[in-house]
Amino acid sequence: MPDTMKAYHFDAFNDELASLRLREDPVPSPGPGQVVVRMRATSLNYRDLLAAWGQLPGIKPGLIPLSDGAGVVVAVGASVYRVKLGDRVVAAFNQTWISGRPELEFMRDMLGGPVDGVLAQYVLLDQQGLERLPDSLSFEEGATLPCAAVTAWSSLHCGRPLLGGQTVLVQGSGGVSIFALQLAKSFGCRVIATTSSDEKGERLRKLGADAVVNYAQTPEWGAAVRELTGWRGVDRVVEVGGPGTLEQSIACTAFNAQIALVGFVGGLGAQINPRLLMRGGLATHSIAVGSRADLARLLAAIEASQLRPVIDRVFAFSQAADAYRYLQGRGHFGKVVISVD
Ligand SMILES: NC(=O)c1ccc[n+]([C@@H]2O[C@H](COP(=O)([O-])OP(=O)(O)OC[C@H]3O[C@@H](n4cnc5c(N)ncnc54)[C@H](OP(=O)(O)O)[C@@H]3O)[C@@H](O)[C@H]2O)c1
């Protein structure tokens, strides 16, 4: 292994991405229970924009960004038994949440903020914070999974079971939503998708969406979605829009529906009438990505269903700032990847 490596750091946080700097750092060496992973690919999530803008709690200048990465184990410390040299692995989003329900203390251990992330050639991780990458997935595909796909998985599994034949609403064509569409179809559900673009709508249909509503052209899209269900409503919503979309999401739900509260890509400005939450049997669940066990179950399900992550574009390591700008522009469909050469 070389003595030094290239790693990106945020020297400060601002809107310009000018403080994302490539530095020459020492290659880490593993202590007991730790491994060094030669990263081969990483992917971006909306939260990485929040980190760049300084809006992610607990982050400090010097942060190595990005939570999602896949690579090869190139060094192992004493007492490592979960992986071995040469294993292809993917890092878990939350390094200490192994299984069960989320606890506040686990939220300190999210890669890419507040903990240093994976936008580096070599990354030191605890053996407990990894899963093996199935042979059927490339490093680029594996790197799309830890945040977006696990969040989609959790959104479909939270609360009451999601049954085949039920209807799921997914919003937009970002990373979480496309994984939610693909997973829900693999579970035998009917999927209605919203998007702001007719061209993306066609692509959502090709991926399996049974119906698509353009939320930009139809501001009261809740009624349009309801109509598509014969006015019964949807059984589950994967809510990534936030306060600006929640009223419409509630408006399209069936009795005893569940809404997975995931994100706020539509902004935080709007207010909703709390009375709407009293709709018949409605359950809401706030989602915090998921545990390593959720990642393991997702990987097994992806292998069994042969689901292929949708990668919009792969940027070279030297073009990391361009990848951020591309995600910010919202032209993407699915995941934006940075390869690590
Ligand atoms: N709670 C958690 O555990 C968790 C985990 C992961 C992500 N998140 C959150 O989930 C959200 C999505 O993350 P992501 O990484 O998938 O984002 P992303 O890939 O950046 O998704 C952006 C897409 O969202 C869609 N969108 C924007 N405004 C919308 C609106 N008003 N209504 C419907 N769709 C809208 C657009 O799709 P179109 O171009 O098709 O319109 C846009 O391309 C973010 O807020 C993120 O912070 C939360």
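See above for the structure.
Quick look at the structure, then. Note that the structure is predicted; figures quoted are calculated from it, not measured. (Residues numbered from 1 in each chain as written. Predicted model: local features only at pLDDT ≥ 70, side-chain atom pairs only at ≥ 80, totals over all residues. Heavy atoms only, no water.)

**What to know about the sheet that holds strand 12 (residues 253-261)**
Here is step 1: Pairing is parallel across the open sheet formed by six strands, whose spatial order is 10-9-8-11-12-13. Each of the sheet's edge strands pairs with one partner strand only, and the pair in question is strand 10 (211-214) and strand 13 (283-286). Taking each pair of neighbouring strands and ignoring which way they run, the sheet shows an average axis angle of 20°.
Here is step 2: Together, strand 8 (167-171), strand 9 (190-195), strand 10, strand 11 (234-239) and strand 12 form the strand contacts of helix 6 (residues 221-228), whose direction differs from that of strand 10 by roughly 165°. (Pairing = 2+ DSSP bridges. Helix = DSSP H or I, 4+ residues; strand = E, 2+ residues; numbered from the N terminus. Axes fitted to C-alpha atoms, helices over the stretch in contact; angles between N-to-C directions. Contact = heavy atoms within 4.5 Å.)

**Considering the pairing of strand 3 (residues 34-44)**
Remark: a regular strand shows side chains that alternate across the two faces of the sheet.
Here is step 1: Counting buried residues in strand 3 gives nine out of 11 residues, a clear majority hidden from the surface.
Here is step 2: As judged from the eight bridges shared by strand 3 and strand 4 (residues 68-76), these two strands associate in the antiparallel manner. Opposite T42, over in strand 4, you have G69 as the bridge partner.
Here is step 3: With four bridges joining them, strand 3 and strand 15 (residues 335-339) adopt antiparallel strand pairing. Looking at strand 15, one finds that S43 is bridged to V337. (Buried < 20%, exposed > 50% of the residue type's maximum accessible area, 1.4 Å probe, protein only.)

**Re helix 4 (residues 175-186)**
Here is step 1: Relative to the 16 Å expected for 12 residues at 1.5 Å per residue, helix 4 spans 17 Å between its end C-alpha atoms, a close match to the ideal helical length.
Here is step 2: Taking burial as the measure, the 12 residues of helix 4 include 10 buried ones, the bulk of the element.
Here is step 3: Those residues of helix 4 lying buried are G175, V176, S177, I178, F179, A180, L181, Q182, L183 and A184. (Expected span 1.5 Å × (residues − 1).)

**Things to note about the nonpolar core**
Here is step 1: Of all hydrophobic cores here, the largest spans 46 residues; its most connected members are L145, V168, V170, L204, V238 and L298.
Here is step 2: Taken together, the elements giving at least two residues each to this core come down to strand 4, helix 3 (145-157), strand 8, helix 4, strand 9 and helix 8 (292-305).
Here is step 3: The leading source of residues in this core is helix 3, at eight residues.
Here is step 4: Ignoring any residue separated from it by four or fewer positions in sequence, one finds L298 in contact with L145, A149, V150, W153 and L183. (Core = buried A, V, L, I, M, F, W, Y, C linked by side-chain atoms within 4.5 Å.)

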